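# A structural walkthrough
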Amino acid sequence: MARAENKETAGPATRLVADVARRMRLKKKLTQEQLGKELGFSGAAVSAMETCAQPASDEMLVALERVLGEGMGIFEQAREYVRLDKYPEQFKDYVLLEQKAVGLRLYATFAIHGLFQTEEYARALIGGGYPPLPDQRVEELVEVRMARRALFEREPVALIELVLEESTLTRTIGSKEIMRQQMLHLTECAKRRNVTLQVLPLDCGLSGEHAGDRGEMNLLETPDHDHLAFLEIQGESLLISDPAKVSTLAQRYAKIRSQALGPRESLGLIERLAGDQE
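To keep things clear, this report deals only with the structure shown in the data block. (Residues numbered from 1 in each chain as written. Predicted model: local features only at pLDDT ≥ 70, side-chain atom pairs only at ≥ 80, totals over all residues. Heavy atoms only, no water.)

## Quick look at the overall build of the protein
When you go through the protein residue by residue, the secondary structure sums to 13 helices and 6 strands. Here the C-alpha coordinates of the protein stretch approximately 70 × 45 × 35 Å along the principal axes. Out of the 278 residues in the protein, the part that is buried amounts to 47%. Pairs at least 24 apart in sequence give 72% of the contacts found in the protein among residues at least 6 apart. About 14600 Å² of surface is accessible on the protein, with carbon and sulfur atoms providing 52% of the total. Charge centroids of the protein, computed over 36 positive and 43 negative side chains, lie 3 Å from each other. (Helix = DSSP H or I, 4+ residues; strand = E, 2+ residues; numbered from the N terminus. Buried < 20%, exposed > 50% of the residue type's maximum accessible area, 1.4 Å probe, protein only. Contact = heavy atoms within 4.5 Å. Areas by Shrake-Rupley, 256 points an atom, 1.4 Å probe, with all protein chains shown as cover. Lys, Arg positive; Asp, Glu negative; His and termini not counted. Charge placed at Lys NZ, Arg CZ, Asp CG, Glu CD.)

This is the structure in structure tokens:
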């Protein structure tokens, strides 16, 4: 459902698309209903897009390019920027860096890392949070989270390492079937040549050491080979560029990884847990 408050908070790309679409619609002498019919959307959906009550979805932008684009690629190019408008404010700077990164080292403690989530898992996780979000906002966040997975197919390929706490695999989000599909997806990700996936077992602390006790982290290497760290908790975030601080976090990550199960053993555990969900 379109939301009136979006009109006040819409980002610059969303506003630009709305203005360009309206101008081009009027140039073609189309009503909102007529344009909606050509796009495969309702007139109300076109109105919501033009007033920024509801940002254009990827699907609508593709249709706008087909109907109004006139071969210029305006709406196609806008997809990336409108998508950025939809991210939570504290995440926008990081996601731009993530999509261009040459290397990522990730540690997730409560839920499967967003890059590795299935659509159903992401929807259950986002939709089950507090305070509750409107259904439309949930769908926007699911859409942009799924868009992040383009990183797996990008050229040049990025090297991605992920350490998951075992609890993220045993904590049911949504349903057993959603968890089964999520773990099957993890097994497919783990088989990619540019991905290393490891599980930090629940009994890690029995040895007297648990390097991951301070929470999750994202470590990132940029195309210029700068090293950054990103921390996020309770809707707040911190992007760290200080070399000494990033080095400390990188050392801690290395210790976490050394305490985790090996990649083959981790894959076997995930496959067994997926079977338990059947």
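## Describing the nonpolar core
If you look at the biggest cluster of nonpolar residues, it comprises 39 residues, and the most contacted ones within it are L104, L106, F116, I160, L164, L169 and L186. When residues of this core are traced back to their parent elements, those giving at least two are α7 (92–100), β1 (103–108), β2 (159–165), α11 (176–190), β3 (195–200), β5 (227–233) and α13 (263–276). Tallying contributions element by element places α11 first for this core, with 5 residues. Look past the residues within four positions of L104 in its chain and what remains in contact with it is Y94, E98, L115, L151, L159, I160, E161, L219 and L220. Counting 20 residues, the second-largest nonpolar core is a separate cluster that includes L30, A56, L61 and F75. (Core = buried A, V, L, I, M, F, W, Y, C linked by side-chain atoms within 4.5 Å.)

## Considering the packing of aromatic side chains
In total, this model carries 5 aromatic pairs according to the counting rule given. Considering the side-chain rings of F91 and F230, the 5.8 Å spacing of their centres and the 75° angle between planes classify their relative orientation as edge-to-face. With F91 in the loop between α6 (74–86) and α7 and F230 in strand β5, the pair connects residues that are 139 residues apart, well separated along the chain. Comparing F91 with F230 shows no difference in burial state: the two are buried. For the pair Y94 and F230, a centre-to-centre distance of 4.3 Å together with 15° between the ring planes defines the contact as stacked. (Phe/Tyr/Trp six-rings, centres within 6.5 Å; stacked < 30°, edge-to-face > 60°.)

## Describing the sheet that holds β5
Spatial ordering of the open sheet is given by β3-β2-β1-β4-β5-β6, a layout of 6 strands whose pairing is mixed. Edge strands, defined here as strands with exactly one partner in the open sheet, are β3 and β6 (236–240). Averaged over neighbouring strand pairs, the angle between their axes works out to 10° when direction is ignored. Along the sheet face, α7 touches β1, β4 (217–221), β5 and β6 and points at about 50° away from the line of β4. (Pairing = 2+ DSSP bridges. Axes fitted to C-alpha atoms, helices over the stretch in contact; angles between N-to-C directions.)

## Describing the packing of helix α8 (residues 119–127) against α11
In a pair of packed helices, the angle between the axes and the distance between the axes together describe the arrangement. The geometry of α8 relative to α11 is characterised by a closest axis approach of 8 Å and an angle of 130° between their N-to-C directions. Here α8 lies oblique to α11, going by the angle between them. Considering the relative orientation of α8 and α11, their crossing is left-handed. Contacts between α8 and α11 involve E120, Y121 and A124 on the former and, on the latter, I178, M179 and Q182. Here the residues of the contact of α8 with α11 sort into 4 nonpolar, 1 polar and 1 charged. (Parallel < 35°, antiparallel > 145°, perpendicular 65-115°, else oblique. Left-handed = near helix turned anticlockwise from the far one by under 90°. Nonpolar A, V, L, I, M, F, W, Y, C, P; charged D, E, K, R; others polar.)

## Some words on the pairing of β6
With 5 bridges connecting them, β5 and β6 associate as antiparallel partners. What sits directly across from F230, in β6, is L239. The loop that links β5 with its antiparallel partner β6 comprises 2 residues; one of these, Q234, has a positive phi angle of about 50°.

## Details of the pattern of salt bridges
Counted under the stated rule, the structure contains 17 salt bridges. Among the salt bridges present, the one from R23 reaches D19, with a minimum N-O distance of 2.9 Å. With a gap of 4 residues between them, R23 and D19 both fall in helix α2 (residues 12–27), about one helical turn apart. One salt-bridge network, in which partners are shared between bridges, spans D58, E76, R79 and R83. (Salt bridge = Lys/Arg side-chain N within 4 Å of Asp/Glu carboxyl O.)

Everything listed is a geometric property; what it means functionally is a separate question.
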